[in-house]
Amino acid sequence: MLLKKRLQFLYPWCLIFFLFSLMHGLMAEREKNFQWIRSQTEVQISEIIVSLSEQKIYAYGTNGKLVGTSIISSGKENFSTPAGEYQIIEKEKIHYSNLYGYIVDRNGNILRPGSSKERISKKWHFRGAPMPYFLRLTNSGIGFHGGPTTGRPISHGCIRLPMDFAVKLFTNTPIHTRVLVFD
């Protein structure tokens, strides 16, 4: 009888402890996906390294220290992100794709995903997908921008970043910053 009362008392506490542990684990996992080192917040970025195989970005400051790291989502099959050495050639806080986006009606309602290259009814028009905090790497449209990230290749060639990371990278990265993208 006494054991039964003790178990009844302990059960809610065990459940609370289990739920707390689960939430703590989820939060820790989320923090692993994006980190901006607080002591480095005012350091200008001098080099960005992207590992396509890891689906990760590493930003280094002018002091040579790691400033931030995050998961990314690079180009999916048939739209792969090209490996190579680049420089940031343009910064645009609010950028829209001129190739991929949505087909919308006259009222601006999105009908479906689409491309600017396809033929569409005169009743509809193409609207480019938003690419906030865009850092251009190539003249053909490849760059960094904020958007959905999964740690897997899902984009049309750009390197997507978590929005908070994209804002910080955009703010602290000057034009002509060296970028190395490798497999």
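Right, let's walk through the structure included here. One numbering rule holds for all chains: residues counted from 1, following each sequence as written. Thresholds applied to this predicted model are a pLDDT of at least 70 for local features of residues and 80 or more for the giving and counting of side-chain atom pairs; totals over whole chains, interfaces and linings are not thresholded and use all residues. As a rule here, side-chain values come from all non-hydrogen atoms in the structure, and water together with hydrogens is ignored.

A few points about the sheet that holds strand 4 (residues 66-71)
The strands making up a sheet associate through hydrogen bonds between their backbones, and the pairing can be parallel or antiparallel.
Moving on, step 1. At least two DSSP bridges between two strands are needed for those strands to be called paired. Helix and strand assignments follow DSSP, with helices taken as H or I runs no shorter than four residues and strands as E runs no shorter than two, numbered in order from the N terminus. The six strands lie next to each other as 1-4-3-2-13-5, forming an open sheet whose pairing is mixed. Each edge of the sheet is formed by a strand with only one pairing partner; in this case those strands are strand 1 (34-36) and strand 5 (84-87). The average angle at which neighbouring strand axes cross in this sheet is 15°, direction not considered.
Moving on, step 2. Sheet topology note: the strand 3 (residues 56-61)/strand 4 ladder contains five bridges and is antiparallel. Residue pairing for strand 4: Ala-59 is matched across the bridge by Gly-68.
Moving on, step 3. Any pair of residues with heavy atoms lying within 4.5 Å of one another is described as a contacting pair. The axes are straight lines fitted to the C-alpha atoms, using for helices just the contacting stretch, and the angles between their N-to-C directions are given from 0 to 180°. The strands touched by helix 2 (residues 163-172) within the sheet are strand 1, strand 2 (45-51), strand 3 and strand 4, with strand 1 carrying the most contacts at an inclination of about 35°.

Quick word on the layout of surface pockets
Moving on, step 1. A cavity, in this analysis, means grid points on a 1 Å lattice covering only the protein atoms where a 1.4 Å probe fits yet has no way out; a pocket is instead an open set bounded by protein on both sides within 12 Å along at least five of seven lines, and a residue lines either one if it has an atom within 4 Å of a point. Grid points are joined across faces, edges and corners, and a volume is the space filled by probe spheres set on the points. In this structure, the largest pocket occupies an estimated 670 Å³ of space.
Moving on, step 2. What lines the largest pocket is a set of 30 residues, and nearest its centre among them are Ser-97, Tyr-100, Ala-129, Met-131 and His-156.
Moving on, step 3. For the lining of the largest pocket, the elements supplying multiple residues, two or more each, are strand 7 (96-104), strand 8 (110-115), strand 9 (125-130), strand 10 (134-136) and strand 11 (143-146).
Moving on, step 4. Here the lining of the largest pocket gets seven residues from one element, more than from any other, and that element is strand 7.

Quick look at the pattern of salt bridges
Moving on, step 1. Whenever a carboxyl oxygen of Asp or Glu lies within 4 Å of a side-chain nitrogen of Lys or Arg, that contact is scored as a salt bridge. All told, the structure shown has four salt bridges when counted by the stated rule.
Moving on, step 2. The salt bridge partner of Glu-47 is Arg-178, with a shortest N-O separation of 2.0 Å. Of this pair, Glu-47 sits in strand 2 while Arg-178 sits in strand 13 (residues 178-182), and the two are 131 residues apart along the sequence.
Moving on, step 3. Categorising residues by exposure relies on relative accessible area from a 1.4 Å probe, with only protein chains included: less than 20% of the type maximum marks a residue as buried, more than 50% marks it as exposed, and the intermediate range marks it as partly exposed. Note on Glu-47: relative accessible area 21%, which makes it partly exposed.
Moving on, step 4. The salt bridge partner of Arg-112 is Glu-118, with a shortest N-O separation of 2.7 Å.
Moving on, step 5. Since its relative accessible area comes to 32%, Arg-112 is described here as partly exposed.
Moving on, step 6. It is possible to trace a salt-bridge network through shared partners that takes in Glu-47, Glu-85 and Arg-178.

A few points about the environment of His-95
Moving on, step 1. Position of His-95 among the secondary structure elements: in the loop between strand 6 (90-92) and strand 7.
Moving on, step 2. Residues His-95 and Pro-130 lie 35 residues apart in sequence; the distance between their C-alpha atoms is 6.0 Å.
Moving on, step 3. Engagement of the side chain of His-95 in a polar contact is seen with the side chain of Glu-92, the distance being 2.7 Å. Contacts described as polar in this section are N or O atom pairs within 3.5 Å, which, within protein, must combine one atom able to donate a hydrogen with one able to accept it, while residues neighboring in sequence count only if both atoms come from side chains.

As for the side chain of Ser-115
Moving on, step 1. Among the secondary structure elements, Ser-115 is positioned in strand 8.
Moving on, step 2. Exposure remark for Ser-115: the relative accessible area of 16% places this residue in the buried category.
Moving on, step 3. A distance of 3.3 Å separates a polar atom in the side chain of Ser-115 from the backbone oxygen of Leu-99.
Moving on, step 4. Side-chain polar atoms of Ser-115 contact the backbone nitrogen of Lys-117, separated by 3.1 Å.
Moving on, step 5. When near neighbours in sequence (up to four residues on either side) are disregarded, Ser-115 contacts Leu-99, Ile-103 and Phe-126.

Quick notes on the nonpolar core
The tendency in soluble globular proteins is for nonpolar side chains to be buried side by side.
Moving on, step 1. In plain words, nonpolar cores are sets of buried Ala, Val, Leu, Ile, Met, Phe, Trp, Tyr and Cys residues tied together by side-chain atoms within 4.5 Å. Core analysis: the largest hydrophobic core is formed by 24 residues, its most contacted members being Val-50, Ile-57, Phe-144, Leu-161 and Leu-169.
Moving on, step 2. At the level of elements, strand 2, strand 3, strand 12 (159-161), helix 2 and strand 13 are the ones that each hand at least two residues to this core.
Moving on, step 3. Per-element accounting of this core gives the leading share, four residues, to helix 2.
Moving on, step 4. Setting aside residues no more than four positions away along its own chain, Leu-161 makes contact with Ile-57, Ile-72, Phe-144, His-145, Gly-146, Gly-147, Thr-149, Ala-166 and Leu-169.

Structural notes on the sheet that holds strand 10
Moving on, step 1. Reading across the sheet, the four strands line up as 6-10-11-12 and stay open at both edges, with mixed pairing between neighbours. In the strand order of this sheet, the two ends are held by strand 6 and strand 12, each with one partner. Neighbour-to-neighbour, the strand axes of this sheet turn through a mean angle of 15°, independent of strand direction.
Moving on, step 2. Pairing of strand 10 with strand 11, which is carried by two bridges, proceeds in the antiparallel orientation. Within strand 11, the residue paired with Arg-136 across the bridge is Gly-143.

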